[in-house]
Amino acid sequence: MSDNELFKINVCLKLPAELMEGLKDVASVSGMTQDELITLYVAEGISNAMPKVKRQLFFNRTKEILAKHNVPSSAVDEIVDKFTF
């Protein structure tokens, strides 16, 4: 058993029937299992979303810190807006 196998978690997903049919077709053509394909798609989605998520976490933390220093919320919002244009 590989190290990756030790860290796998079983998940039950509910997918629309037409999405499942497409998944089956892509899996059969690509030579991948449906599980491998779903893992690939989820990993790509997370990877694509992560920069935005990290920015949001940074700004949430920034807001908390500025609020602790009694910076008015209107100023905090303006600061965040300047960085997230």
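Before going further, it helps to spend a moment on the overall build of the chain. Across its full length, the chain holds four helices and zero strands. In the chain, the order of α-helices and β-strands from amino to carboxyl end is α-α-α-α. A globule of 85 residues ought to have a C-alpha radius of gyration of about 12 Å, yet the chain, at 21 Å, is considerably larger. Counting over 85 residues, the chain shows a buried share of 9%. For the chain, the separation between the mean place of its 10 positive charges and that of its 12 negative charges on side chains is 10 Å.

Let's shift gears to unusual backbone geometry. In this structure, Asn70 is a non-glycine residue whose phi angle is positive, near 60°. Residue Asn70 is classed as exposed on the basis of its relative accessible area of 68%.

Cut-offs applied
- Residues numbered from 1 in each chain as written.
- Predicted model: local features only at pLDDT ≥ 70, side-chain atom pairs only at ≥ 80, totals over all residues.
- Heavy atoms only, no water.
- Helix = DSSP H or I, 4+ residues; strand = E, 2+ residues; numbered from the N terminus.
- Rg over C-alpha atoms; globule rule 2.2 N^0.38 Å.
- Buried < 20%, exposed > 50% of the residue type's maximum accessible area, 1.4 Å probe, protein only.
- Lys, Arg positive; Asp, Glu negative; His and termini not counted.
- Charge placed at Lys NZ, Arg CZ, Asp CG, Glu CD.

Taken by themselves, the reported measurements are silent on function.
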